Amino acid sequence: MKFLRLLPFVVALPLAAQQRVALTPPMGWNSWNHFAGRVTDADVRAAADAIVSSGMKDAGYIYVNIDDTWEGKRDASGVLHTNEKFPDMKALGDYIHSKGLKFGIYSSPGPQTCARFEGSYQHEEQDAKTWAEWGVDYIKYDLCSYRTIMREAAAKDPANGEKIQSDLMRQAYQKISDAIRKTGRPMVLSLCQYGWDEVWTWAPALGGNLWRTTGDISDSYLSMSQIGFSQAGLSKYAGPGHWNDPDMLEVGNGRMTAEEYRTHMSLWSLLAAPLLAGNDLSKMSDETKSILLNKEAIAIDQDALGKQGDRVWAKGALEVWAKPLSNGKVAVGLFNRSLEAAPVSVRFADAGAKSSAKVRDVWAGKDLGTKQGSYTANVAPHGVVLLILE
Ligand code: GLA
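What comes next concerns the included structure. (Residues numbered from 1 in each chain as written. Predicted model: local features only at pLDDT ≥ 70, side-chain atom pairs only at ≥ 80, totals over all residues. Heavy atoms only, no water.)

1. What to know about the overall build of the protein
Here is step 1: What the protein contains, in helices and strands, is 13 helices and 18 strands.
Here is step 2: The C-alpha atoms of the protein give 22 Å as radius of gyration, which agrees with the globular expectation for 390 residues (21 Å, within 12%).
Here is step 3: If you line up the protein on its principal axes, its C-alpha atoms span 80 × 55 × 40 Å.
Here is step 4: Out of the 390 residues in the protein, the part that is buried amounts to 54%.
Here is step 5: Expressed as a percentage of contacts within the protein between residues at least 6 apart in sequence, the contacts between residues at least 24 apart total 70%.
Here is step 6: For the protein, the accessible surface area stands at approximately 16700 Å², while carbon and sulfur atoms represent 53% of it.
Here is step 7: Across the protein, the centroid of the 43 positively charged side chains sits 4 Å from that of the 45 negatively charged ones. (Helix = DSSP H or I, 4+ residues; strand = E, 2+ residues; numbered from the N terminus. Rg over C-alpha atoms; globule rule 2.2 N^0.38 Å. Buried < 20%, exposed > 50% of the residue type's maximum accessible area, 1.4 Å probe, protein only. Contact = heavy atoms within 4.5 Å. Areas by Shrake-Rupley, 256 points an atom, 1.4 Å probe, with all protein chains shown as cover. Lys, Arg positive; Asp, Glu negative; His and termini not counted. Charge placed at Lys NZ, Arg CZ, Asp CG, Glu CD.)

2. A closer look at the packing of aromatic side chains
Here is step 1: Applying the stated criterion across every chain yields a total of 8 aromatic pairs.
Here is step 2: Residues Trp-70 and Trp-134 carry aromatic rings whose centres are separated by 5.5 Å and whose planes lie at 85 degrees to one another, so their mutual orientation is edge-to-face. Placement of the pair is Trp-70 in the loop between β2 (63-65) and β3 (71-74) and Trp-134 in helix α6 (residues 124-134), with a sequence separation of 64 residues.
Here is step 3: Judged by its relative accessible area of 1%, Trp-70 is buried. (Phe/Tyr/Trp six-rings, centres within 6.5 Å; stacked < 30°, edge-to-face > 60°.)

3. Some words on the state of the cysteines
Here is step 1: The final tally for this structure, using the stated rule, is 1 disulfide.
Here is step 2: Here Cys-192 stays unpaired: no disulfide links it, and the sulfur of Cys-114, its closest cysteine neighbor, is 6.5 Å away. (Disulfide = S-S within 2.5 Å.)

4. Section: the pattern of salt bridges
Here is step 1: Under the counting rule described, the total for this entry stands at 22 salt bridges.
Here is step 2: Linking Arg-181 and Asp-178 is a salt bridge whose minimum nitrogen-to-oxygen distance equals 2.7 Å. A residue pair is termed a helical-turn pair when its members lie 3 or 4 positions apart in one helix, as Arg-181 and Asp-178 do in helix α8 (residues 161-182) at 3 residues.
Here is step 3: With relative accessibility at 9%, the residue Arg-181 sits in the buried group.
Here is step 4: Of the charged contacts in the structure, one is a salt bridge between Asp-350 and Arg-347, with a shortest N-O distance of 2.9 Å.
Here is step 5: With relative accessibility at 30%, the residue Asp-350 sits in the partly exposed group.
Here is step 6: Each of the salt bridges in this network shares a partner with another, and the network as a whole consists of Arg-74, Glu-118 and Asp-127. (Salt bridge = Lys/Arg side-chain N within 4 Å of Asp/Glu carboxyl O.)

5. As for the sheet that holds strand β12 (residues 318-324)
Here is step 1: Spatially, the 6 strands line up as an open sheet ordered β11-β12-β13-β18-β15-β16, and their pairing is antiparallel. Looking at strand neighbours, the two that pair on one side only are β11 (310-315) and β16 (366-372), the edges of this open sheet. Along the sheet, successive strands turn relative to each other by an average axial angle of 25 degrees, direction set aside.
Here is step 2: Running over the sheet, helix α9 (residues 221-229) touches β11, β12 and β13 (330-336) and is turned about 55 degrees from β12.
Here is step 3: Of the strands in this sheet, β12, β13, β15 (356-361) and β18 (384-389) touch helix α12 (residues 295-302), which is tilted by about 65 degrees from β18. (Pairing = 2+ DSSP bridges. Axes fitted to C-alpha atoms, helices over the stretch in contact; angles between N-to-C directions.)

6. Looking at the site of the ligand
Here is step 1: Looking at the ligand, the residues that line it are Trp-32, Asp-67, Asp-68, Tyr-106, Cys-114, Ala-115, Lys-140, Asp-142, Cys-192, Tyr-194, Arg-212 and Asp-216.
Here is step 2: Note that an oxygen atom of the ligand is positioned 2.9 Å from one of the side-chain N or O atoms of Asp-142.
Here is step 3: The separation between an oxygen atom of the ligand and a polar side-chain atom of Arg-212 is 3.2 Å.
Here is step 4: Protein contacts shield 92% of the accessible area of the ligand, which totals 310 Å² for the unbound molecule.
Here is step 5: For the shell around the ligand, a count of residues per class yields 6 nonpolar, no polar and 6 charged. (Near = heavy atom within 4 Å. Polar contact = N/O pair within 3.5 Å; in protein donor to acceptor, adjacent residues only side chain to side chain. Nonpolar A, V, L, I, M, F, W, Y, C, P; charged D, E, K, R; others polar.)

7. A short note on the pairing of β13
Here is step 1: Burial analysis of β13 places 7 of its 7 residues in the buried class, the great majority of the element.
Here is step 2: Neither face of β13 is open: one carries Val-330, Val-332, Leu-334 and Asn-336, the other Ala-331, Gly-333 and Phe-335, and all of them are buried.
Here is step 3: Where β12 and β13 come together, 7 bridges link them in antiparallel fashion. Bridge pairing links Ala-322 to Val-332 in β13.
Here is step 4: The hairpin turn running from β12 into β13, its antiparallel successor, is 5 residues long, and Gly-328 in that turn takes a positive phi close to 85 degrees.
Here is step 5: The pairing of β13 with β18 spans 6 bridges and is antiparallel. Along β18, the bridge assignment pairs Gly-333 with Leu-386.

8. Re the environment of Ser-220
Here is step 1: Tracing the backbone through its elements, the reader meets Ser-220 in the loop between β8 (210-212) and α9.
Here is step 2: Judged by its relative accessible area of 25%, Ser-220 falls in the partly exposed class.
Here is step 3: Spatially, the C-alpha atoms of Ser-220 and Asn-253 are 9.5 Å apart, while their sequence positions differ by 33 residues.

Purely geometric numbers; function is a separate question.
Pasting the structure below:
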C-alpha cells in the first residue's frame, strides 16, 4: 500500500499579526554603516558573538541584519543564491539563532539593489520563500532601481505621472508584504524608500513595521543632527507595531565625539526609533559600550506605551524634546545644536509633566531632586542633557 506524501501545510499570517512582530522598535545590528559592501559571513558571525559577549543581547539588541551585497545569481529555476562572501546562508542563520538572536536580510523591489546586486523584481514570492527557508526574521526592502520602473511608467503618461509612481511604489511594498506573510514565517518588514510620498501615512496598513523617513545617515554630526531634528511632527504616525525610522545608528564609528554620539542615542530614544547599531561590534571602546548600553536610554526607546517623542520648544540652536512614558513619567531631551555651551530650560507644562516633578539625569545617572515648574541645565556644544521627569 502506498502512503500519500503530505505537502507541507503553510498558513499565511494575517495582516493583523504583522503588527505584533515589532511591538517595540526593533533593536539589533546592521552591517551597512561600518562594513558596507565588504561585509562577509565571518563579520556577521563576529557581530553575533560580540552582541552576546558585550551584553548588548541582554540589553535588547536582538536582530543581526545583513544589508546589501550578500546576493549572488539566480539559477535556472529563478532561485536566488548568495555570492562567495556568504557560502551558506542557512548555516549562518542557524548560527545566529543558536545564540538566541534573530536574523535579518536585505533586498529591493527593483531588478537591482542600491549596490547593484540582484533584486527581487518579479521573484517576490520565490525570494520570500528562500528567506523563510534560511530562517530570516527581518527583511529590509530598499526601493533603489525600482525607481527606474516607476519613472518609465510615469513618462508614458506625464499628466498622471505622480499618481502612477506612487501607486507602483505602494504595490511593490504590498507585494512583498503579501509574499512574506504567505510563507507563514513572521518577519519584520522594514520599508526603505527614504520617506517619499509620506510613507508614514500608508506603510502600516500594508504591513510595514518600520519605514525610513529620510535619506541615508552618515557618521557626522551634521548628517545625524539634520536627520534627527527633522523628525519633528512625525510622532503621531508611530505606535506599537509600526515605527518611523530615521536610519541606523552611527555610534562608535569614529567621526563624532562622545558628546555627539550621546546626542544621537538620546534623540533616537526619544523618537522611539529602531536602535540598529551600525559599528564594528567586535572592536568597541568602553565609551561606545557605555552609550549603546545605557539602560535608561534604551528603556525610553522601548517604553511599552510606544509613543514617539516630539519637539516641544525651540529657540535658535536650542531644542527641547519630550516623550511620554507608560508609567506617567516623561523623558525630556535638552539639546544644544550650537558650538558654545548654553543653558537650556524645560517648562514641565510644555513637556506634559506635572508642575512638581522629580528630575533624573540619565547620562549622569543621578537623581536631582524635586523641582517646581521647570528645570535648567547647562548643555555642552552639540550635546544633550537627557532627563526623566516623574
Ligand atoms: C541604500 C539604503 C542604505 C543601504 C544601501 C545599501 O542607500 O538607504 O541604508 O541599505 O542602500 O546599498
